[in-house]
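A structural walkthrough
Below are the chains, spelled out letter by letter.
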Amino acid sequence: MPSFRVETPQRCYTAVVERGVIGHAAQYIPARAGKLFVVSTEDVWRHQGETLARGLAGLAYEVLHLPGGEEHKRLAPLEQLAEEMVRRGGDRSSLVLAFGGGIVSDMAGFLAAIFMRGIPVLQVPTTLLAQVDASLGGKTGVNLVAGKNLIGSFHQPLAVVIDPALLDTLPEREYRAGLYEIVKAGIIREPDLFRFLADRSRDVLARQPQAVDRIIADAVRMKCEVVSADEREGDLRRILNFGHTFGHALEAETGYTRFLHGEAVAFGMRAAVYLGQMTGHVSAEDTVEILDMLQIYGPIPPLDGIPAANLLARLVHDKKTVQGKIHFVLPVRIGEVAVVSGIEEKLVLESIRSALS
Ligand SMILES: NC(=O)c1ccc[n+]([C@@H]2O[C@H](COP(=O)([O-])OP(=O)(O)OC[C@H]3O[C@@H](n4cnc5c(N)ncnc54)[C@H](O)[C@@H]3O)[C@@H](O)[C@H]2O)c1
Ligand SMILES: [Zn+2]
């Protein structure tokens, strides 16, 4: 069973990737834990609640529902849930099991971070995006009107239990959006994964179990390594933002409704590849390979009517813009990226135009 260690100053834990592991979920609940709160959404619970219930058979737990949707990823529902947890006997010995996509990973993780000044959370992600990204690394939080994830906390989980079989009920568009984060993993650090994604795209898109399990394990291992080397986003963790600077601008510009996160990242990777080529960081050959790969796993929804200048203006307001300087993660070759700042605005605008066209 592939399992990977995450070692951070805050906590050391394991991420397990195994088809069917959900059937043994109970074994990841520490014997000494107090009340167990399963935090999910009604949608996820309808699809996969029974599966988790079977894995938790014999244990006592309470199920709490968060509203789904990015627009409800706010502090208010967490306050309500915390009140509910207290009413149901929650205390400092309680444990949260986060069961859902990235929204649940972030929200239930943050709830655990602040409930009674912090209780443990077990992450059991149910979307591809959450399995390879959101559930790993300890970043938790919710949105403010001013922007995404503007309040939050680093709260590393007890463990991350990843069962690729949970993806059987995931809608096609959500599955593809998650694949883009795996493509990202290939481009930034995993040339073998990139090759596999290129050679076996048919199997990957058809959700052939062996192919799916392999790409998830590769992407999870990569993220575990990066987070272990750098929990708090110094230079190494920054490489995970490949495609995200431009992607966040697109998400914000379209009100978080037109594109899924992974789709926006795919757009962002395209812009970053063009920028990398214009600034001489990446060869024309690798540029074509990366653009082809994004095409294979696409297309993303149409980009018409989005002014390039608006996206440029939004880049400047990104949370990750430090002291007015935009750091771009640009490809150098397949499997390697560089963090570059001080790029002329004219070139950035041009790369956005190319990615939009
Ligand atoms: N903390 C991090 O490091 C990190 C990293 C990446 C993304 N995120 C966050 O993740 C969020 C997006 O996550 P997401 O893309 O998983 O979206 P999501 O949580 O909204 O899930 C997408 C949809 O899939 C449904 N769903 C979930 N599991 C299912 C299943 N097994 N079967 C059928 N339907 C299922 C959900 O109900 C929802 O409608 C964003 O808020 C983003 O900020 C966080
Ligand atoms: Zn992402």
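Let us look at the structure shown here.

Taken as a whole, this structure holds two aromatic pairs when the rule is applied. Seen from their ring centres, W45 and F99 are 6.0 Å apart, and the 80° between their planes marks the pair as edge-to-face. Linking W45 in helix 1 (residues 42–55) with F99 in strand 5 (residues 95–100), this pair joins segments that are 54 residues apart in sequence. For the cation-ring pair, R207 lies above Y175, with the distance from its terminal atom to the ring centre recorded as 4.3 Å. Above the ring of F196, the side-chain terminus of R214 is found at 4.4 Å from the ring centroid.

Relative to each other, helix 5 (residues 172–189) and helix 12 (residues 284–296) sit at 160°, their axes nearing to 10 Å. Taken together, the axis directions place helix 5 and helix 12 in an arrangement best described as roughly antiparallel. Crossing geometry of helix 5 relative to helix 12 is assigned as right-handed. Seen from helix 5, the contacting residues are R176, Y180, V183 and I187; seen from helix 12, they are I290, M293, L294 and I296.

Okay, helix 12 next. Given a rise of 1.5 Å per residue, 13 residues ought to cover 18 Å, and the 18 Å separating the end C-alpha atoms of helix 12 matches this to within 8%. Every buried residue of helix 12 is accounted for by D286, T287, I290, L291, M293 and L294. The arc that holds the buried residues of helix 12, viewed along the axis, is 155°, so those residues lie on one side. Away from its buried face, by an angle of more than 90 degrees, helix 12 presents the exposed residues E285 and Q295. Taken together, the buried residues of helix 12 touch helix 5, helix 6 (191–199), helix 11 (261–278) and strand 10 (327–333).

This part covers the side chain of S94. One can find S94 in the loop between helix 2 (75–87) and strand 5. At 2.8 Å, the side chain of S94 forms a polar contact with the backbone nitrogen of D91. Those residues in contact with S94 that sit more than four places away from it in its chain are G34, K35, F37, I119 and P120.

Below, the discussion takes up the sheet that holds strand 1 (residues 3–7). Read across the sheet, seven strands follow the order 1-2-9-6-5-3-4 without closing on themselves; strand pairing throughout is mixed. On the outer flanks of this sheet lie strand 1 and strand 4 (62–66), each paired with one strand and no other. Between one strand and the next, the sheet's axes are offset by a mean angle of 20°, whatever the strand orientation. The pairing of strand 5 with strand 6 (residues 121–125) spans five bridges and is parallel. Counterpart to V96 in the pairing with strand 6 is V121. The sheet strands contacting helix 3 (residues 102–114) are strand 3 (36–41), strand 4, strand 5 and strand 6, and the helix crosses strand 5 at an angle near 170°. Helix-sheet contacts for helix 8 (residues 209–229) involve strand 1, strand 2 (12–17) and strand 9 (159–162), and the interaxial angle to strand 1 is about 15°.

As a further point, take helix 3. The terminal C-alpha atoms of helix 3 lie 18 Å apart, and with 13 residues this matches the ideal 18 Å at 1.5 Å per residue to within 8%. Extensive coverage of helix 3 is indicated by the burial of 11 of its 13 residues. Here helix 3 has its buried residues at G102, V104, S105, D106, M107, A108, G109, F110, L111, A112 and A113. Downstream of helix 3 by one or two residues, M116 has phi in the positive range, about 50°.

The environment of ligand 1 is made up of 24 residues, and the closest members are D43, G102, T126, T127 and T169. In the model, an oxygen atom of ligand 1 is placed 2.8 Å from a nitrogen or oxygen of the K73 side chain. The separation between an oxygen atom of ligand 1 and a polar main-chain atom of I103 is 3.1 Å. In the complex, 85% of the free accessible area of ligand 1, which totals 870 Å², lies under the protein chains. Elements with a contribution of two residues or more to the shell around ligand 1: helix 1, helix 3, helix 4 (128–134) and strand 8 (147–154). Here the element with the most residues in the shell around ligand 1 is helix 1; it accounts for four residues. Of the residues belonging to the shell around ligand 1, the class tally is seven nonpolar, eight polar and nine charged.

Attention now goes to the nonpolar core. Membership of the largest hydrophobic core comes to 77 residues, with the highest contact counts inside it found for V220, F246, F267 and I352. Here the element with the most residues in this core is helix 8; it accounts for 11 residues. When sequence neighbours within four positions are dropped, the list of residues in contact with I352 reads F246, F267, A308, L311, L312 and L315. L64, L81, V96 and V142 belong to the second largest nonpolar core, which has 21 residues in total.

What counts and how
Residues numbered from 1 in each chain as written. Chains lettered and ligands numbered in written order. Predicted model: local features only at pLDDT ≥ 70, side-chain atom pairs only at ≥ 80, totals over all residues. Heavy atoms only, no water. Phe/Tyr/Trp six-rings, centres within 6.5 Å; stacked < 30°, edge-to-face > 60°. Helix = DSSP H or I, 4+ residues; strand = E, 2+ residues; numbered from the N terminus. Lys NZ or Arg CZ within 6 Å of the ring centre and 35° of its normal. Axes fitted to C-alpha atoms, helices over the stretch in contact; angles between N-to-C directions. Parallel < 35°, antiparallel > 145°, perpendicular 65-115°, else oblique. Left-handed = near helix turned anticlockwise from the far one by under 90°. Contact = heavy atoms within 4.5 Å. Expected span 1.5 Å × (residues − 1). Buried < 20%, exposed > 50% of the residue type's maximum accessible area, 1.4 Å probe, protein only. Arc of directions from axis to C-beta. Polar contact = N/O pair within 3.5 Å; in protein donor to acceptor, adjacent residues only side chain to side chain. Pairing = 2+ DSSP bridges. Near = heavy atom within 4 Å. Areas by Shrake-Rupley, 256 points an atom, 1.4 Å probe, with all protein chains shown as cover. Nonpolar A, V, L, I, M, F, W, Y, C, P; charged D, E, K, R; others polar. Core = buried A, V, L, I, M, F, W, Y, C linked by side-chain atoms within 4.5 Å.

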